[in-house]
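# Structural overview for review
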Amino acid sequence: MHFAFFKIATATIGAILIALVACVAVEAAPLNIVAIGASNTWGWGVGPQAAYPEVLQAMLRANGYDARVKNAGVNFDTTGGMLARIDATVPDGTKLVILQPGGNDLRFFGTKERR
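This report concerns the structure included in the present document. Everything numeric here is computed off the predicted structure, so don't read it as measured data.

Attention shifts here to the packing of aromatic side chains. Under the counting rule described, the total for this entry stands at one aromatic pair. Both rings, one in Trp44 and one in Phe76, keep their centres 5.4 Å apart while their planes meet at 70°; by these two values the pair is edge-to-face. Taken together, the positions of Trp44 in the loop between helix H2 (39-42) and helix H3 (52-62) and Phe76 in the loop between strand S2 (67-73) and helix H4 (79-89) put the pair 32 residues apart, joining distant regions of the chain. Of the residues examined, Trp44 reaches a relative accessible area of 37% and is grouped as partly exposed.

Listed below in structure tokens is the structure:
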């Protein structure tokens, strides 16, 4: 399970860094990012301190970005739950939202058609 988590997290972080380099203008204000997801975002199996939002924030800061990445992961959440809380979770001034729906829809509802 841990290998699969790190494989997903590494791919996610790489894609985010590419997107940031391509579209973020240099500003004096901090770059506010919100990561919304389920267990993988929260840090299931590794803890929130080692979850990809924390790792992403550390990587961005190490590369000179004044970035704040908010971890809005909720264990066992579904895509519907993520979308239902997106307005309350993402504060004004957020520059980037990472939505990472996972396998909970299929796991809890049984078929893709019932999502």
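If charged atoms from side chains of opposite charge come close, those side chains can pair. By the definition in use, this model includes one salt bridge. One salt bridge in this structure joins Arg85 and Asp77, with 2.8 Å as the shortest N-O distance.

Attention now moves to the side chain of Thr41. Structurally, Thr41 can be placed in helix H2. Look at Thr41 and you get buried, because its relative accessible area is 0%. There is a polar contact of 2.9 Å between the side chain of Thr41 and the side chain of Gln100. Excluding its chain neighbours within four sequence positions, the residues that come into contact with Thr41 are Ala35, Ile36, Ala51, Tyr52, Pro53, Asn71, Gly73 and Gln100.

This part covers the nonpolar core. Of all hydrophobic cores here, the largest spans 10 residues; its members are Ile16, Leu31, Ile33, Ala35, Tyr52, Leu56, Leu60, Ala67, Val69 and Ile98. Elements with a contribution of two residues or more to this core: strand S1 (31-37), H3 and S2. The next biggest cluster of nonpolar side chains, apart from the first, holds five residues, and it includes Ile36, Ala38, Ala72 and Met82.

Examined against the element boundaries, Ile33 turns out to sit in strand S1. Taking the C-alpha atoms as reference, Ile33 lies 4.8 Å from Leu96; in sequence the two are 63 residues apart.

Okay, H3 next. For H3, the complete set of buried residues consists of Tyr52, Pro53, Leu56, Gln57 and Leu60. Down the axis of H3, the sector holding all buried residues measures 140°, keeping them to one side. Looking one or two residues past H3, Gly64 carries a phi angle of roughly 90°, positive in sign.

Rules behind the numbers
- Residues numbered from 1 in each chain as written.
- Predicted model: local features only at pLDDT ≥ 70, side-chain atom pairs only at ≥ 80, totals over all residues.
- Heavy atoms only, no water.
- Phe/Tyr/Trp six-rings, centres within 6.5 Å; stacked < 30°, edge-to-face > 60°.
- Helix = DSSP H or I, 4+ residues; strand = E, 2+ residues; numbered from the N terminus.
- Buried < 20%, exposed > 50% of the residue type's maximum accessible area, 1.4 Å probe, protein only.
- Salt bridge = Lys/Arg side-chain N within 4 Å of Asp/Glu carboxyl O.
- Polar contact = N/O pair within 3.5 Å; in protein donor to acceptor, adjacent residues only side chain to side chain.
- Contact = heavy atoms within 4.5 Å.
- Core = buried A, V, L, I, M, F, W, Y, C linked by side-chain atoms within 4.5 Å.
- Arc of directions from axis to C-beta.

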